[in-house]
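Here are the chains, one letter per residue:
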Amino acid sequence: MSDDEVRRVFQTVDSFEPDEFVKLLAEDATLVFGNAEPMVGHEAITIGLRAFFATIGGLEHRVVREWRVGADTIAETEVTYRRLDGGEVSLAAVSIWQTRDDGLISDYRIFIDLAPLYAAP
């Protein structure tokens, strides 16, 4: 996966359109957000992302560093979240995903502490 493809993944997430994001995933893909239960398949991932997006006003990723090992991509990012109250908070995150030979992502994992996002301003 090239640098441009990594940025495209995050631009798609930042578009706030779960239906667009799942187009990057295999039909049976797994997404794990932090210590939450895994979401498996397009429908579950779309529902999960919509539920999360309903708790925030928006988000934007800035790629700090990225690595590729075989089919795996590791991306360190700074994510700026817009709260529903209009405030913003930037948090460090790491995303790791595995890409199949057909270019679709089969496993996507996000490691982040969201506590500051939901803390009282």
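Residues numbered from 1 in each chain as written. Predicted model: local features only at pLDDT ≥ 70, side-chain atom pairs only at ≥ 80, totals over all residues. Heavy atoms only, no water.

Asks: Talk me through the overall build of the chain; I want residue IDs and the actual numbers.
Replies: In terms of helices and strands, the chain carries four helices and six strands. Sequence-ordered secondary structure for the chain, helices as α and strands as β, is α-α-β-β-α-β-β-β-β-α. Whereas a compact globule of 121 residues would reach a radius of gyration of roughly 14 Å, the chain reaches 14 Å, a difference of no more than 12%. When each of the 121 residues of the chain is scored for burial, the buried share is 42%. (Helix = DSSP H or I, 4+ residues; strand = E, 2+ residues; numbered from the N terminus. Rg over C-alpha atoms; globule rule 2.2 N^0.38 Å. Buried < 20%, exposed > 50% of the residue type's maximum accessible area, 1.4 Å probe, protein only.)

Asks: I'd like a rundown of the sheet that holds strand E3 (residues 58–69), residues and numbers included.
Replies: Pairing within the open sheet is mixed, and its six strands lie in the order E2-E1-E6-E5-E4-E3. The sheet terminates laterally at strand E2 (39–40) and E3, the two strands that pair on one side only. In the sheet, strand E4 (residues 72–82) pairs with strand E5 (residues 88–99) via 11 bridges, with the strands oriented antiparallel. Following the sheet pairing, tyrosine 81 is matched in E5 by valine 89. Its contacts with the sheet place helix H1 (residues 3–14) against E3, E4, E5 and strand E6 (105–111), and it is angled at close to 155° to E3. Against the sheet, helix H3 (residues 42–53) contacts strand E1 (25–33), E2, E3 and E4, and its axis sits at roughly 40° relative to E1. (Pairing = 2+ DSSP bridges. Contact = heavy atoms within 4.5 Å. Axes fitted to C-alpha atoms, helices over the stretch in contact; angles between N-to-C directions.)

Asks: Any chance you could break down the packing of aromatic side chains for me, citing the residues and the numbers?
Replies: In the structure shown here, the tally under the stated rule is seven aromatic pairs. Summarising the aromatic geometry, the rings of phenylalanine 33 and phenylalanine 52 are spaced 5.1 Å apart at their centres and angled 45° between planes, so their arrangement reads as tilted. Within this pair, whereas phenylalanine 33 is found in strand E1, its partner phenylalanine 52 is found in helix H3, the two being separated by 19 residues in sequence. Both residues of the pair, phenylalanine 33 and phenylalanine 52, count as buried. An angle of 5° between the planes, with centres 5.1 Å apart, marks the rings of tryptophan 97 and tyrosine 108 as stacked. (Phe/Tyr/Trp six-rings, centres within 6.5 Å; stacked < 30°, edge-to-face > 60°.)

Asks: Can you explain the nonpolar core? Please cite residues and give values.
Replies: Membership of the largest hydrophobic core comes to 33 residues, with the highest contact counts inside it found for Phe21, Ile45, Tyr81 and Tyr108. Those elements that provide at least two residues to this core are H1, E1, H3, E3, E4, E5 and E6. In terms of residue count, E1 provides more of this core than any other element does, five residues in total. What phenylalanine 21 contacts, discounting residues up to four positions off in sequence, is Val9, Thr12, Val13, Leu31, Ile45, Leu49 and Tyr108. (Core = buried A, V, L, I, M, F, W, Y, C linked by side-chain atoms within 4.5 Å.)

Asks: Give me the pairing of E5: which residues, what numbers.
Replies: Covered by surrounding structure in E5 are Val89, Leu91, Ala93, Ser95, Trp97 and Thr99 only, the residues Glu88, Ser90, Ala92, Val94, Ile96 and Gln98 on the alternate face being uncovered. Between the end of E4 and the start of E5, which pair antiparallel, lie five residues, with glycine 86 showing a positive phi angle near 95°. Here E5 pairs with E6 via six bridges, running antiparallel. Residue pairing in the sheet places threonine 99 in a bridge with isoleucine 105 of E6. Between E5 and the antiparallel strand that follows it, E6, lie five residues; glycine 103 among them carries a positive phi value of about 90°.

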